[in-house]
Amino acid sequence: MKTEENKLQIRSTTVLLVRRNGSVALAGDGQVTLGETIIKGNARKIRRLLNGEILAGFAGATADAFSLLSRFETKLGEFQGQLERAAIELSKDWRTDKYLRHLEALLIVADKNDAFLISGKGDVISSDEGLLSVGSGSMFALAAARALMKHTELSAMEIATEALRIAGDICIYTNSDIVVEEL
């Protein structure tokens, strides 16, 4: 049975990272849904950080995600742009800080060499296959990207874009207003 709280839950986004042939693409759709209503179709969930050297994408509650992005930027500054160290330190804070513990968002962060999915449970996950995804349509986008990686010669940017388009055709919380950033 749907409760009023579940019915009004904000659902937003599919974010997908693809690493291929020395390129990294991070793509996100633009849809934000409140309950059963699309309230925004062109939200921007992908950001460039540290003078454009780092890509970050988020899924979940928007205010929570922006708070985490801000803290992640601070960690990047503290650790001279070391992506892995900043990701681990943010994850530690997220798990132990009373305020942060209640934030509902997931982050994908990447530079030219590494990429991580960061969760509030203390997870800092890298991918062996060059793919990471978060959000409502993430499993659809991930499945599409895996097939495209295996059966095509498309670039990282092309795979990220096409996989999100496929997810948007399947997931009601994902649309085709796609933003892609590439390193």
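Here the structure is a predicted model, which means the values were calculated and not measured.

Procedures and definitions
Residues numbered from 1 in each chain as written. Predicted model: local features only at pLDDT ≥ 70, side-chain atom pairs only at ≥ 80, totals over all residues. Heavy atoms only, no water. Helix = DSSP H or I, 4+ residues; strand = E, 2+ residues; numbered from the N terminus. Rg over C-alpha atoms; globule rule 2.2 N^0.38 Å. Contact = heavy atoms within 4.5 Å. Areas by Shrake-Rupley, 256 points an atom, 1.4 Å probe, with all protein chains shown as cover. Lys, Arg positive; Asp, Glu negative; His and termini not counted. Charge placed at Lys NZ, Arg CZ, Asp CG, Glu CD. Axes fitted to C-alpha atoms, helices over the stretch in contact; angles between N-to-C directions. Parallel < 35°, antiparallel > 145°, perpendicular 65-115°, else oblique. Left-handed = near helix turned anticlockwise from the far one by under 90°. Nonpolar A, V, L, I, M, F, W, Y, C, P; charged D, E, K, R; others polar. Pairing = 2+ DSSP bridges. Expected span 1.5 Å × (residues − 1). Buried < 20%, exposed > 50% of the residue type's maximum accessible area, 1.4 Å probe, protein only. Arc of directions from axis to C-beta. Core = buried A, V, L, I, M, F, W, Y, C linked by side-chain atoms within 4.5 Å.

Here the focus is the overall build of the protein chain. Within the protein chain, the regular secondary structure consists of 5 helices and 12 strands. The C-alpha atoms of the protein chain give a radius of gyration of 16 Å, which matches the 16 Å a tight globule of 183 residues would have. Seen through its C-alpha atoms, the protein chain measures out along the principal axes to roughly 45 × 45 × 25 Å. Within the protein chain, contacts between residues separated by at least 24 positions form 60% of all contacts whose residues are at least 6 apart in sequence. Accessible surface, the protein chain: about 9300 Å² in total, of which carbon and sulfur atoms supply 49%. Between the centroid of the 22 positive side chains of the protein chain and the centroid of its 25 negative side chains there is a distance of 3 Å.

Following both chains from N to C, one finds helix 2 (residues 62-78) and helix 3 (residues 83-96) inclined at 130°, their axes separated by 9 Å at the closest point. Put simply, helix 2 runs oblique to helix 3. As helix 2 packs across helix 3, the resulting crossing turns out to be right-handed. Contacts from Leu 68, Arg 71, Phe 72, Lys 75 and Leu 76 of helix 2 reach helix 3 at Leu 83, Ala 86, Ala 87, Glu 89, Leu 90, Asp 93 and Trp 94. A class-by-class count of the residues in the contact of helix 2 with helix 3 yields 8 nonpolar, no polar and 4 charged.

With antiparallel pairing, the 4 strands of this open sheet are ordered in space as 11-2-3-12. In this open sheet, the two strands that pair with only one neighbour each are strand 11 (131-135) and strand 12 (179-182). The sheet shows a mean angle of 10° between the axes of neighbouring strands, taken without regard to direction. Pairing analysis gives 6 bridges linking strand 2 (residues 14-20) to strand 3 (residues 23-28), with the strands arranged antiparallel.

This part takes up helix 4 (residues 138-151). Given a rise of 1.5 Å per residue, 14 residues ought to cover 20 Å, and the 20 Å separating the end C-alpha atoms of helix 4 matches this to within 8%. Within helix 4, burial applies to Ser 138, Ala 141, Leu 142, Ala 144, Ala 145, Leu 148 and Met 149. End-on view of helix 4: buried residues confined to an arc of 165°, all on one side of the axis. Exposed side chains of helix 4 directed beyond 90 degrees from the buried face belong to Met 139, Lys 150 and His 151. On its buried face, helix 4 sits against strand 2, strand 11 and helix 5 (156-170).

Next up on the list: the sheet that holds strand 9 (residues 115-118). Strand-to-strand pairing in sheets goes through backbone hydrogen bonds, with the strands running parallel or antiparallel. Spatially, the 5 strands line up as an open sheet ordered 6-7-8-9-10, and their pairing is antiparallel. Bordering the open sheet on either side are strand 6 (46-49) and strand 10 (124-125), each of which pairs with just one other strand. As defined by bridge partners, strand 6 adjoins strand 7 (residues 54-60) across 4 bridges and the pair is classed as antiparallel. Residue pairing for strand 7: Leu 49 is matched across the bridge by Ile 54.

Moving on, we come to the nonpolar core. Leu 68, Phe 72, Leu 107, Val 109 and Ile 118 are the most contacted members of the largest nonpolar core, which totals 20 residues. Those elements that place two or more of their residues in this core are strand 7, helix 2, helix 3, strand 8 (105-110) and strand 9. Beyond its immediate stretch of four places on either side in the chain, Ile 118 contacts Phe 72, Ala 87, Leu 90, Ser 91, Trp 94, Leu 106, Leu 107, Val 109 and Asp 123. Listed in part, the 18 residues of the second largest apolar core include Val 18, Ala 27, Ala 156 and Ile 159.

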